[in-house]
Amino acid sequence: MFERVDLPEEVYIREVAPRDGLQAEPRVVPVPERIRLVDQLTAAGVSRIEVTSFVSPQWLPQMADAEAVMAGIERKPGVNYAVLVPNPKGAERALRTAPDELTVFVSASETHNYKNVHCSISESLGGFHRICAMAREAGVPVTAVIVTAFGCPYEGRVPVNAVLDLAVRLESMGIADITLGDTVGVANPLQVAEMVRSFQLNAPMVRLSLHFHDNRGTALANLLAGVLAGCTRYETALGGIGGSPFSPGAGGNLATEDAVYCLQEMGIKTGIDLERLLGVTRFLEEIIGHPVPSRVYQAGGRMVPVGIEGTLNE
Ligand code: MG
């Protein structure tokens, strides 16, 4: 099928389960377990972790006590511990905990932005100006997620140019690290490849990451399409937990285990120890109190041949 496949040597995974995953769980996971989850991810070799979110605990009780989580984790040198902030007030709280990175988010479609954060895209960007100024003073980089970048539950398909324009506006504020989120899991591999190419051509100064949801079973195929198109940065969630509030229970984030297995079996490095990671998945199941959807976890990890003798099924 391919005459020659150019694969990258390494793909970078940013783990979002402690934030994106746990915030979607009905059970509020206590702070000590949230801390242990992050520490175990660090020990498994994950080098970028979205630790928590500084949203109001009235909105999201799952993310309450974000300060205590940040104070409790053991930070390994070289590992990036990021936090999500919804507004300047959240950024002020977050910066007191010395994160390695602040992450802001905005929708690619106006309707979704209104539903999500109750303001227009321009108003969101206005808040980012203030957040960027605060972060600059503290010497902390700001990254952004453009959600609904591949499709919006209210407006349908989102034009590539709308996503590009928004990314360019973010980049002009000093936010060069941008993740495109397929929030409701509608992207297809061709669309992903075209989006990546479009950024390479029209916004080469943007450091692009992709974040897929598996609502329709396309998340891993989308990651592979992104990799083949030259994008080497992805956000995934341990166990495949998390998901969209618009389609509860209908498929979460792409599972880190599944991404790591697929990439490593293809000879692409991720820096993550899959066996150790699966141990963290077991712990995750304990603290959330239900099985996780990761296929690689369910299959028991890599195939270990049991040998021929005595294993024949008659
Ligand atoms: Mg997500």
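Conventions used here
Residues numbered from 1 in each chain as written. Predicted model: local features only at pLDDT ≥ 70, side-chain atom pairs only at ≥ 80, totals over all residues. Heavy atoms only, no water. Helix = DSSP H or I, 4+ residues; strand = E, 2+ residues; numbered from the N terminus. Rg over C-alpha atoms; globule rule 2.2 N^0.38 Å. Buried < 20%, exposed > 50% of the residue type's maximum accessible area, 1.4 Å probe, protein only. Areas by Shrake-Rupley, 256 points an atom, 1.4 Å probe, with all protein chains shown as cover. Lys, Arg positive; Asp, Glu negative; His and termini not counted. Charge placed at Lys NZ, Arg CZ, Asp CG, Glu CD. Salt bridge = Lys/Arg side-chain N within 4 Å of Asp/Glu carboxyl O. Phe/Tyr/Trp six-rings, centres within 6.5 Å; stacked < 30°, edge-to-face > 60°.

Caption draft 1: Quick look at the overall build of the chain. Regarding its fold elements, the chain presents 12 helices and 8 strands. Computed over its C-alpha atoms, the radius of gyration of the chain comes to 19 Å, within 12% of the 20 Å expected for a compact globule of 314 residues. Along the first, second and third principal axes, the C-alpha atoms of the chain reach 70 × 50 × 35 Å. For the chain, buried positions account for 55% of its 314 residues. Element-wise, carbon and sulfur atoms account for 52% of the exposed surface of the chain, whose accessible area totals about 14,400 Å². Side-chain charges of the chain comprise 26 positive and 36 negative groups, with the mean position of each set lying 5 Å from the other.

Caption draft 2: Layout of the pattern of salt bridges. Evaluation of the coordinates by the stated rule reveals 12 salt bridges. Residues arginine 14 and glutamate 101 are paired through a salt bridge, measuring 3.1 Å at the closest nitrogen-oxygen approach. Residue arginine 14 is located in strand 1 (residues 12–15), and its partner glutamate 101 is located in strand 4 (residues 101–107); the two are separated by 87 residues in the primary sequence. Residue arginine 233 pairs with aspartate 177 through a salt bridge whose shortest N-O separation is 2.5 Å. Of the two residues, arginine 233 sits in strand 8 (residues 233–236) while aspartate 177 sits in strand 6 (residues 177–181), which places them 56 residues apart along the sequence. Assigned by exposure class, arginine 233 and aspartate 177 land together as buried.

Caption draft 3: Local environment of unusual backbone geometry. One non-glycine residue, aspartate 65, lies in positive phi territory at about 60°. For aspartate 65, the location among the structural elements is in the loop between strand 2 (48–53) and helix 3 (66–72). Taking the relative accessible area as the measure of exposure, aspartate 65 reaches 48% and is therefore partly exposed. Despite not being glycine, threonine 148 shows a phi value in the positive range, around 55°. By the secondary structure assignment, threonine 148 is in the loop between strand 5 (142–147) and helix 7 (160–172). A relative accessible area of 0% places threonine 148 in the buried class.

Caption draft 4: Highlighting the packing of aromatic side chains. Inspection of the entire model under this criterion finds 1 aromatic pair. Ring geometry for phenylalanine 150 versus phenylalanine 212: centroids 6.0 Å apart, planes at 45°, classification tilted. Of the two residues, phenylalanine 150 is situated in the loop between strand 5 and helix 7 and phenylalanine 212 in the loop between strand 7 (207–211) and helix 9 (219–229); the sequence distance between them amounts to 62 residues.

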